[in-house]
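The residues making up each chain are set out below.
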Amino acid sequence: MQTHGLDTARLCEAIVAAGEPSISVRSPQVASENLTRIIQSTLKLANRKGFAAMTLRELASASGLSLGGLYAYIGNKDELAQLIQRRIARTLGDVMAAVQPGGEDAGAMLARAIHAHLMTTEALREWFFFLYMEAHHLAADERHQAVAMERASEHVFTDIIQAGQDQGLYRATDPAVAAGLLKSLLQDWYLKHGKHRERGLTVDAYADIVTAAIQAYLTTTPETP
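Residues numbered from 1 in each chain as written. Predicted model: local features only at pLDDT ≥ 70, side-chain atom pairs only at ≥ 80, totals over all residues. Heavy atoms only, no water.

The chain is annotated in an unreviewed UniProt entry as TetR/AcrR family transcriptional regulator of Salinisphaera aquimarina.

Take a look at the structure:
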């Protein structure tokens, strides 16, 4: 499965290029490299001890910056969490926008959307895990945006399933409910990755399993009691 160059360094380059107001370092290369270290260290510390317990002094030490140097990128932890949330939302939004319903067979479209979603979360697994686990630490507006991001990608699946029903490929069922079930399976990849790794599953194999499962659910007519 292609990851299209999605990794922490690329996302940090995009953050710097977007002109985030909290970043005062003028050199784009220096800013991108240091921001990459800051976010990589944030994800590791948050995974080990929790974002709420992490201090900026610990983050500065882990990223190899002085505390003053850290303030050239973020003013506080809220700003840091917001940087991560906004970039993830934009990245996933861009990926899913490329698989919006069109004129093709809905079954092929759904398989492509499932692979695209899993490709993104595999490439940026630590980002998605952080956002899922630490969303309650975001400010209210940012929490709403995080929820909106989840719903936006879920709406893509809802629209594809609805298109499949319109094409006569899928049985009559609530497409939003089916999309919600599918989204839970997709989140399971990064929330319980260790379990899947122990089973020897690759992201490609997991994508095939999820695709087969949801296609079977959508095309099998339930037995009447």
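## Some words on helix α9 (residues 175-191)
Our working definition: A run of H or I in DSSP becomes a helix once it reaches four residues, and a run of E becomes a strand once it reaches two; helices and strands are each numbered from the N terminus. Multiplying 1.5 Å by the helix residue count minus one yields the expected span of that helix. Exposed residues in this analysis have more than 50% of their type's maximum accessible area, buried residues have under 20%, and partly exposed residues fall in between, with area computed by a 1.4 Å probe over protein chains only. What qualifies as a polar contact is a pair of N or O atoms within 3.5 Å, subject to a donor-acceptor requirement within protein and to the restriction that residues adjacent in sequence count only when both atoms come from side chains.
Here α9 spans 24 Å end to end across 17 residues, near enough to the 24 Å set by a 1.5 Å rise per residue. For α9, the complete set of buried residues consists of Pro 175, Ala 178, Ala 179, Gly 180, Leu 182, Lys 183, Leu 186, Gln 187, Asp 188, Trp 189 and Tyr 190. In this structure Asp 174 caps α9, since a side-chain oxygen of it lies 2.9 Å from the backbone nitrogen of Ala 176.

## Digging into the packing of aromatic side chains
Applied cut-off: Geometry of aromatic contacts follows a simple scheme: Phe, Tyr and Trp rings, the Trp one being its six-membered ring, pair when their centres are within 6.5 Å, and the pair is stacked under 30 degrees between planes, edge-to-face over 60, tilted otherwise.
The tally for this structure, following the rule as stated, stands at three aromatic pairs. Each ring, one from Phe 51 and one from Phe 130, has its centre 5.2 Å from the other, and the planes form 85°; the classification is edge-to-face. One end of the pair, Phe 51, is in the loop between α2 (28-49) and α3 (56-63); the other, Phe 130, is in helix α7 (residues 125-134), and 79 residues separate them in sequence. Grouping residues by exposure puts Phe 51 and Phe 130 together as buried.

## Details of the UniProt feature "domain: HTH tetR-type" (unreviewed entry) in the chain
Heads up, the condition is: UniProt positions are given in the numbering used here, feature names are shortened, and annotations may be inferred rather than shown by experiment.
The sites that UniProt annotates as "domain: HTH tetR-type" (unreviewed entry) are residues 32-92. For the annotated span residues 32-92, helix accounts for 75% and strand for 0% of the residues, and the straight-line distance between the end C-alpha atoms is 20 Å.

## Brief notes about the UniProt feature "DNA-binding region" (unreviewed entry) in the chain
Residues annotated by UniProt as "DNA-binding region" (unreviewed entry) correspond here to residues 55-74. Overall, residues 55-74 shows 60% helix and 0% strand. The separation of its end C-alpha atoms is 13 Å.

## Some thoughts on the packing of helix α6 (residues 106-123) against α9
What counts, and what does not: Between the N-to-C directions of two axes lies an angle of 0 to 180 degrees, each axis being a line fitted to C-alpha atoms and, for a helix, fitted only over the stretch in contact. An angle below 35 degrees is read as roughly parallel, one above 145 as roughly antiparallel, one from 65 to 115 as roughly perpendicular, and any other as oblique. Here a crossing is taken to be left-handed if its near helix is turned anticlockwise relative to the far helix by less than a right angle, and right-handed if that turn runs clockwise. Any pair of residues with heavy atoms lying within 4.5 Å of one another is described as a contacting pair. Note on residue categories: nonpolar means Ala, Val, Leu, Ile, Met, Phe, Trp, Tyr, Cys or Pro, charged means Asp, Glu, Lys or Arg, and polar means any other residue, Gly included.
Relative to each other, α6 and α9 sit at 30°, their axes nearing to 9 Å. Judged on the interaxial angle alone, α9 and α6 are roughly parallel. Handedness of the crossing formed by α6 with α9: right-handed. For the pair formed by α6 and α9, the contact residues are Leu 110, Ile 114, His 117, Leu 118, Thr 121 and Glu 122 on the first element and Leu 182, Lys 183, Leu 186, Trp 189 and Tyr 190 on the second. Tallied by class, residues from the contact of α6 with α9 come to seven nonpolar, two polar and two charged.

## Some details on the nonpolar core
Operational definition: Think of a nonpolar core as a cluster: buried Ala, Val, Leu, Ile, Met, Phe, Trp, Tyr and Cys residues, connected wherever their side-chain atoms sit within 4.5 Å.
Grouped together as the largest cluster of nonpolar side chains are 64 residues, with contacts concentrated most on Leu 35, Ile 39, Leu 59, Leu 110, Ile 114, Trp 127 and Phe 157. With sequence-adjacent residues up to four places away left out, Ile 39 is seen in contact with Thr 8, Cys 12, Ile 15, Leu 80, Ile 84 and Trp 127.

## Quick notes on the pattern of salt bridges
The line we're drawing: Should a side-chain nitrogen of Lys or Arg be within 4 Å of a carboxyl oxygen of Asp or Glu, the pair is scored as a salt bridge.
Within the structure shown, the criterion is met by five salt bridges. Arg 86 serves as the salt-bridge partner of Glu 20, at 2.9 Å between the closest nitrogen and oxygen. A residue pair is termed long-range when its members are at least 10 positions apart, and Glu 20 in the loop between α1 (8-17) and α2 and Arg 86 in helix α5 (residues 77-97) qualify at 66 residues. Overall, the relative accessible area of 10% leaves Glu 20 in the buried class. A salt bridge links Asp 188 to Lys 192, with the nearest nitrogen and oxygen atoms 3.8 Å apart. Assessed through its relative accessible area of 45%, Lys 192 is described here as partly exposed. A single salt-bridge network, built from bridges that share partners, covers Asp 188, Lys 192 and Lys 195.

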